[in-house]
Amino acid sequence: MTNQFKFVWLDDKPERARAWVNGLHGDLRGNLAEANLEVIAVDNELLLQGLNKQTTEWLSVPPNLIMLDHNFSNVPHRPFELQGSALAHLLRIRLPNIPIVCVSGQTIQSDEFSIEDISEYTDMFEVNTLNTAENLERLFAIAKDFPKLCFESKAAVRGALIVLLKTPIIDRESLLRVLPEEIEDTVIHGSSPHRIARWLLNVFMKRPGFLFDELEAATFVGLKESAFRDKASSIFASARYEGPFATDSKPLWWASAMIDALYCSMPDSTAGSTQIAGRNLPDINVDDYSICAQTGESTPPPDVVAYVDAANRERSAVSRRFTEFVSTETTARLGFPGLLRIRNDRREA
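Residues numbered from 1 in each chain as written. Predicted model: local features only at pLDDT ≥ 70, side-chain atom pairs only at ≥ 80, totals over all residues. Heavy atoms only, no water.

Draft legend 1. Examining the overall build of the protein chain more closely. Counting secondary structure elements, the protein chain contains 13 helices and 12 strands. The C-alpha atoms of the protein chain give a radius of gyration of 22 Å, which matches the 20 Å a tight globule of 349 residues would have. Referenced to the eigenvectors of the C-alpha coordinate spread, the extents of the protein chain come out at roughly 70 × 50 × 40 Å. Evaluated residue by residue, the protein chain yields a buried proportion of 48% over its 349 residues. Summarising the internal contacts of the protein chain: among those between residues at least 6 apart in sequence, 64% fall at separations of at least 24. Carbon and sulfur atoms form 50% of the exposed surface of the protein chain, whose accessible area is close to 17700 Å². If the 36 positive side-chain charges of the protein chain are averaged to one point and the 48 negative ones to another, these points end up 2 Å apart. (Helix = DSSP H or I, 4+ residues; strand = E, 2+ residues; numbered from the N terminus. Rg over C-alpha atoms; globule rule 2.2 N^0.38 Å. Buried < 20%, exposed > 50% of the residue type's maximum accessible area, 1.4 Å probe, protein only. Contact = heavy atoms within 4.5 Å. Areas by Shrake-Rupley, 256 points an atom, 1.4 Å probe, with all protein chains shown as cover. Lys, Arg positive; Asp, Glu negative; His and termini not counted. Charge placed at Lys NZ, Arg CZ, Asp CG, Glu CD.)

Draft legend 2. Representation of the side chain of His 70 within the structure. Considering the arrangement of structural elements, one finds His 70 in the loop between strand S4 (65–68) and helix H3 (84–94). Here the side chain of His 70 touches Tyr 121 through a polar contact of 2.7 Å, side chain to side chain. (Polar contact = N/O pair within 3.5 Å; in protein donor to acceptor, adjacent residues only side chain to side chain.)

Draft legend 3. Geometry of the nonpolar core. In this structure, Phe 7, Leu 24, Met 67, Phe 204, Phe 236 and Met 258 are the most contacted members of the largest nonpolar core, which totals 72 residues. Ranked by residue count, the leading element in this core is helix H8 (residues 193–204), at seven residues. Not counting chain neighbours up to four residues away, the residues in contact with Phe 7 comprise Leu 24, Ala 35, Asn 36, Leu 37, Glu 38, Asn 64, Leu 65, Met 67, Leu 139, Phe 140 and Ala 143. (Core = buried A, V, L, I, M, F, W, Y, C linked by side-chain atoms within 4.5 Å.)

Draft legend 4. Broad picture of the pairing of strand S1 (residues 2–11). With respect to burial, S1 is a largely interior element, seven of its 10 residues being buried. As paired elements, S1 and strand S3 (residues 31–41) share 10 bridges and run parallel to each other. Opposite Lys 6, over in S3, you have Asn 36 as the bridge partner. Sheet analysis places S1 next to S4, joined by four bridges and oriented parallel. Residue pairing across strands places Leu 10 opposite Leu 68, the latter belonging to S4. (Pairing = 2+ DSSP bridges.)

Draft legend 5. Structural context of the environment of Ala 311. Mapping Ala 311 onto the fold places it in the loop between strand S9 (304–307) and strand S10 (315–318). C-alpha of Ala 311 to C-alpha of Ala 197: the two residues are 114 residues apart in sequence and 26 Å apart in space.

Draft legend 6. Here's a closer look at the pairing of S9. Burial along S9 is two-sided: the residues Val 304 and Ala 306 and Val 305 and Tyr 307 are all buried. Strand direction decides the pairing type here: S9 and S10, joined by four bridges, are antiparallel. Bridged to Ala 306 within S10 is Ser 316.

Draft legend 7. Looking closely at the pattern of salt bridges. Scanning all chains against the criterion turns up 13 salt bridges. Its salt-bridge partner being Arg 315, residue Glu 216 comes within 3.5 Å of it at the nearest N-O pair. With Glu 216 in helix H9 (residues 214–220) and Arg 315 in strand S10, the pair connects residues that are 99 residues apart, well separated along the chain. Among the residues examined, Glu 216 registers a relative accessible area of 14% and is labelled buried. What makes Arg 315 partly exposed here is its relative accessible area of 29%. Between Asp 248 and Arg 240 there is a salt bridge whose closest N-O contact spans 3.1 Å. What emerges from the salt-bridge pattern is a single network uniting Asp 11, Arg 16 and Asp 69. (Salt bridge = Lys/Arg side-chain N within 4 Å of Asp/Glu carboxyl O.)

Draft legend 8. Region of interest: unusual backbone geometry. Cis geometry is found at the peptide bond from Thr 299 to Pro 300, where omega equals -5°. With respect to the helices and strands, the residue Pro 300 is situated in the loop between helix H12 (274–278) and S9. Unlike most non-glycine residues, Arg 29 shows phi in positive territory, near 50°. Considering the arrangement of structural elements, one finds Arg 29 in the loop between strand S2 (25–28) and S3. We note that Phe 245 has phi near 75°; this positive angle belongs to a residue other than glycine. With respect to the helices, strands and loops of the structure, Phe 245 is situated in the loop between helix H10 (225–232) and strand S8 (253–254). Taking the relative accessible area as the measure of exposure, Phe 245 reaches 3% and is therefore buried.

Draft legend 9. Here's a closer look at helix H7 (residues 169–178). Buried within H7 are the following residues: Asp 171, Leu 175 and Val 178. Across the axial projection of H7, the buried residues extend over an arc of 55°, all falling on one side. Residues of H7 that are exposed and point over 90 degrees away from its buried face: Ile 169, Glu 173 and Arg 177. Close packing links the buried residues of H7 with helix H6 (157–164), H8, S8 and helix H11 (255–265). (Arc of directions from axis to C-beta.)

Draft legend 10. Fine view of the sheet that holds strand S5 (residues 100–104). Judged by pairing direction, the sheet is mixed, and its six strands sit side by side in the order S2-S3-S1-S4-S5-S6 without closing on themselves. Lying at the two open borders of the sheet, with one neighbouring strand each, are S2 and strand S6 (123–126). Between one strand axis and the next, the sheet turns through 30° on average, direction left out of account. Summarising the sheet, S5 and S6 pair through four bridges and their orientation is parallel. Counted as the bridge partner of Cys 102 is Met 124 from S6. Sheet contacts for helix H5 (residues 133–145): S1, S2, S3, S4, S5 and S6; angle to S2, the most-contacted strand, approximately 70°. (Axes fitted to C-alpha atoms, helices over the stretch in contact; angles between N-to-C directions.)

Here you go:
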């Protein structure tokens with residue numbers, strides 16, 4: 001089965017977007033996915049007059065996803081020096097049930113983007129890496145799953161979201177407590193699909209806590225990432241996150257369900273930690289054991305994942321005693337552990 005989508009890309013450099021016509025195709029959770037791409041040039045005519053007509057057409061035949069450039073520097077004298085984030089806000093007023101993503105030639109971490117800019121997009125992609133399997137599947141997953149977040153106007157959104165996420169019973173109460181206040185149960189201001197999607201993509205699915213990514217899952221059971229992927233991941237199939245925006249290229253696992261799956265597969269285990277227990281799984285040998293980034297040793301097993309570089313981009317398994325919080329101010333999220341980095345003892349001295 002092939003998932004067919006209609007995408008629209010608005011760009012002040014339309015030739016860049018046209019290069020992707022017939023080029024947006026890949027996999028989505030085991031099935032093929034492809035998008036019929038319509039490219040619309042952003043110019044003063046569109047911004048001053050054409051936008052109302054265009055959105056009226058989309059009300060009748062909506063695209064599955066809208067892609068926006070951020071910096072409209074090729075449009076002289078544009079009203080209010082409009083950028084993609086402001087255009088996203090205007091589009092969402094009329095089209096609240098369509099995801100709007102930024103596809104930018106700038107690095108996402110650059111000074112081109114303020115916090116307000118970022119908050120206007122459902123998600124953000126760098127055009128130079130859009131063709132990776134992971135990014136394409138994430139793009140398709142957003143288009144596919146965003147409509148699931150369009151709850152009825154009087155729905156009990158918080159409870160409905162917990163069900164939609166297929167949350168393990170043991171996690172339901174704690175996850176309800178950490179849902180942000182803007183995801184309302186008694187709808188007053190409206191829990192927009194955009195706000196819910198942003199929280200799922202940028203907090204729930206990225207923060208340590210409820211979900212493990214592949215490196216975190218491997219470290220949790222004492223294994224190298226490759227060993228977990230090739231030899232052990234099937235044992236934890238029941239723990240896979242299968243809610244909105246789940247992908248095969250960047251799989252996630254419920255932490256609580258991994259504990260259950262581990263000990264159900266080894267009912268007689270007397271191991272004192274999940275790291276030791278995981279090393280007793282079938283076909284696992286010493287070469288599969290995770291190695292502490294600080295000591296270079298597999299014993300004792302590293303028990304956390306931490307950043308190893310100053311830019312906080314590369315991570316590795318490490319023993320917790322060698323770590324510190326990146327910053328309690330910039331990484332704190334209610335209900336989620338702080339991000340860790342390997343401590344630089346020479347710097348502290």
